[in-house]
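# A closer look at the structure
The primary structure of each chain is shown beneath.
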Amino acid sequence: MLKSSSSLDLKARRHGKRLRSGYLLTATLLSSILGQVICVFPSPIKRADGQVALSQPLILRWQYVTDSTINLSPATDGARIYLPLAAGALVSLRAVDGQMFWRTEVGGELSASPVADEMGVYIASETGVVQGTAPRAAGALRALGRESGVTLWMHTLSFPVRGALAMNEQVLFGGASDGRVYAVNKKSGEIAWMKQFATPFLSIPAVSGQNLLLGNDDGTLICLDQKTGRQLWRYRTRGAVRGRPSIHHGVVYFGSADGYVYALDEMSGRFRWRTRTGAGVQAVTVTDGGLLVASLDNFVYYLSLAHGDRLWKRQLAGRIAAQPLAAADGALFTPLSGDTGVVLDLRDGKQLNTIQTGEDSNTAASPIAVADVLFVTTRQGLLAFSQPEEKKK
């Protein structure tokens with residue numbers, strides 16, 4: 001359901017409430033209209049370069065209101081946003097204005113962040129297994145059609161895929177909680193290959209060229225051949241590896257729960273350097289000028305790509321569990337505590353901008369951008385931000 005800003009004002013007055021922070025609704029009013037799409041402004045006008053400018057003023061364009069968001073990041077195909085929700089639900093929204101195309105419920109719970117392409121969206125789910133009952137499959141992979149959300153195929157798994165899914169043009173990849181890595185044909189749902197490891201996966205895989213890279217809970221980063229599943233190399237750390245590796249010019253950068261950031265040669269797995277932070281590291285992101293590192297000690301570090309030397313560090317208000325979003329003019333972080341997202345200047349770590357997300361609303365889901373629109377998953381729903389119209393002219 002779409003609501004204009006004028007109808008929102010009327011509804012707010014009926015509830016004896018005001019619009020907060022210029023555009024956000026109070027928690028009471030939000031809970032009374034769950035599941036609705038709020039169009040605060042008309043469809044945003046795209047910037048000439050088609051990229052979000054994080055350092056510039058950003059206003060709320062529309063909001064999908066729900067209290068059912070979870071700590072899984074949404075997927076996009078460039079035109080639509082696929083938002084994971086509790087109780088195995090997924091909604092398809094038009095990126096430009098939030099129009100809902102469909103909502104589907106697969107049962108159980110979604111277990112990994114989805115991925116999407118022009119054919120549809122690919123999801124992983126799990127069902128609870130009651131103790132004392134006969135063994136049964138606890139996980140599943142599905143492909144849902146882009147236009148209707150109907151299931152195109154489903155493959156049951158002994159244990160659910162965790163963390164996030166990854167894909168190339170033909171194959172879907174995921175690591176499961178029983179230590180298996182799956183490669184599944186995106187069109188048919190048939191398993192192309194399966195590789196068994198001794199330790200569970202709860203990580204975000206990365207694809208690079210012909211390589212698939214993912215970490216497991218015994219602290220090992222593993223590089224597999226995407227076509228065959230053959231192990232090309234592995235590197236052991238002293239803590240769980242759960243974040244997405246970042247690959248740049250033949251070097252793999254990743255963080256570990258042991259508090260170190262590592263750089264390895266992509267082809268051989270040969271060690272290049274490591275740098276100590278103040279706590280465990282999940283999120284690393286390569287930028288043109290260096291490596292962004294979000295540590296669980298509430299600090300952001302910016303490291304030299306060549307040697308791992310610290311260029312600057314900045315303390316934020318809370319723990320950073322979500323992958324930061326980097327743009328040409330800055331990087332956005334959404335600390336778990338607080339009511340804002342913080343944009344830092346990549347040159348010196350100084351704060352450039354803040355984005356209001358609502359009181360105690362940030363989640364571990366990562367922010368994403370589609371052209372010039374920024375999407376942030378909060379405890380009150382999905383927020384879509386863009387520049388004010390007059391700033392784009």
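Being a predicted model, the structure only gives us computed values, none of them experimental. (Residues numbered from 1 in each chain as written. Predicted model: local features only at pLDDT ≥ 70, side-chain atom pairs only at ≥ 80, totals over all residues. Heavy atoms only, no water.)

## Some thoughts on the overall build of the protein
The following threshold applies: Only DSSP runs of H or I with at least four residues qualify as helices, and only runs of E with at least two residues qualify as strands; both kinds are numbered from the N terminus onward. The classification of residues rests on relative accessible area computed with a 1.4 Å probe and restricted to protein chains. Under 20% of the type maximum is buried, over 50% is exposed, and intermediate values are partly exposed. Pairs of residues are marked as contacts when any of their non-hydrogen atoms sit within 4.5 Å. Each accessible area value is a Shrake-Rupley result obtained with a 1.4 Å probe; residue values ignore everything except the protein chains displayed when judging cover.
Along the backbone of the protein there are 3 helices and 35 strands. Classification of the 393 residues of the protein by burial places 57% in the buried group. For the protein, restricting intrachain contacts to residue pairs at least 6 apart in sequence, the fraction spanning at least 24 positions comes to 43%. Working note: accessible area of the protein is about 16500 Å², and carbon and sulfur atoms make up 48% of it.

## Concerning the sheet that holds strand 14 (residues 171–175)
Short version of the rule: Should DSSP find at least two bridges between two strands, the strands are taken to pair.
Spatially, the 4 strands line up as an open sheet ordered 13-14-15-16, and their pairing is antiparallel. One side of each edge strand has no neighbouring strand; the edge strands of this open sheet are strand 13 (166–167) and strand 16 (191–196). Note that strand 13 and strand 14 share 2 bridges and pair antiparallel. Residue pairing for strand 14: A166 is matched across the bridge by F173.

## Looking at the side chain of N216
To keep it simple, the criterion reads: Any pair of N or O atoms that falls within 3.5 Å is considered a polar contact. Within protein, one atom must be able to donate a hydrogen and the other to accept it, and sequence-neighbouring residues count only if both atoms are side-chain atoms.
Mapping N216 onto the fold places it in the loop between strand 18 (211–215) and strand 19 (220–225). Accessibility expressed as a relative area gives 1% for N216, which makes it buried. A polar atom in the side chain of N216 sits 3.3 Å from the backbone nitrogen of D218. The contact partners of N216, leaving out residues within four places of it in the chain, are T199, P200, F201, I222, A240 and V241.

## What to know about the packing of aromatic side chains
The line we're drawing: Aromatic pairing here means that ring centres of Phe, Tyr or Trp (its six-membered ring) are within 6.5 Å. Orientation follows from the plane angle: under 30 degrees is stacked, over 60 is edge-to-face, and everything else is tilted.
Applying the stated rule across the entire model yields 11 aromatic pairs. Their ring planes at 15 degrees and their centres at 6.3 Å tell us that Y235 and F271 sit as a pair that is stacked. Of this pair, Y235 sits in strand 20 (residues 231–236) while F271 sits in strand 24 (residues 271–276), and the two are 36 residues apart along the sequence. Both rings, one in Y253 and one in W273, keep their centres 6.0 Å apart while their planes meet at 45 degrees; by these two values the pair is tilted.

## A look at the sheet that holds strand 29 (residues 325–327)
Our working rule: Lines fitted to C-alpha atoms define the axes here, with helix axes fitted over just the stretch in contact, and angles between the N-to-C directions of these axes take values from 0 to 180 degrees.
With antiparallel pairing, 4 strands are arranged side by side in an open sheet as 29-30-31-32. The open sheet is flanked by strand 29 and strand 32 (351–356), the only strands paired with a single partner. Between one strand and the next, the sheet's axes are offset by a mean angle of 20 degrees, whatever the strand orientation.

## As for the pattern of salt bridges
The criterion, for reference: The working definition used for a salt bridge is a side-chain nitrogen of Lys or Arg within 4 Å of a carboxyl oxygen of Asp or Glu.
This structure, assessed with the given rule, holds 11 salt bridges. Here R347 ties to D345 by a salt bridge, and the two come within 2.7 Å at their closest N and O atoms. Looking at D345, the relative accessible area reads 7%, which means it is buried.

## Quick look at the environment of T228
Position of T228 relative to the elements: it lies in the loop between strand 19 and strand 20. Separated by 33 residues in sequence, T228 and K195 have C-alpha atoms that sit 9.4 Å apart. A polar contact of 3.2 Å, which involves the side chain of T228, links it to the backbone nitrogen of R230.

## Some thoughts on unusual backbone geometry
Phi angles above zero are rare outside glycine, and H249 is one such case at about 50 degrees. Mapped onto the elements, H249 comes out in the loop between strand 21 (246–248) and strand 22 (251–255). For H249, a relative accessible area of 73% corresponds to the exposed category.

## Focus on the confidence of the model for the protein
Detailed reading of the predicted coordinates is not advisable wherever pLDDT is low. This is how it is decided: The pLDDT score gives, residue by residue, the confidence of the prediction method on a 0 to 100 scale.
Counting all residues, the mean pLDDT for the protein is 87, and 85% of those residues have values of 70 or more. Confidence over residues 1–34 falls short of pLDDT 50; this stretch has 52 contacts with residues more than four positions distant or in other chains. For the stretch residues 42–49, pLDDT sits under 50, and the model shows 18 contacts to residues farther than four places along the chain or on other chains.

## Regarding the nonpolar core
A general trend in soluble globular proteins is that nonpolar side chains are found buried together. Stated precisely, the cut-off is as follows: We call a set of buried Ala, Val, Leu, Ile, Met, Phe, Trp, Tyr and Cys residues a nonpolar core when their side-chain atoms join them within 4.5 Å.
W62, Y64, I81, L93, F375 and L382 are the most contacted members of the largest nonpolar core, which has 16 residues in total. Those elements that place two or more of their residues in this core are strand 3 (59–65), strand 5 (80–85), strand 6 (89–94), strand 33 (368–370), strand 34 (373–378) and strand 35 (381–386). Setting aside residues no more than four positions away along its own chain, L93 makes contact with V37, W62, Y64, A79, R80, I81, G98, Q99, M100, F101 and L382.

## Observations concerning the environment of G250
Residue placement: G250 occurs in the loop between strand 21 and strand 22. In the structure, G250 is positioned 42 residues away from S208 in sequence and 9.4 Å away in space, judged by C-alpha atoms. Setting aside anything within four residues of it in sequence, one finds G250 in contact with L264, D265 and E266.

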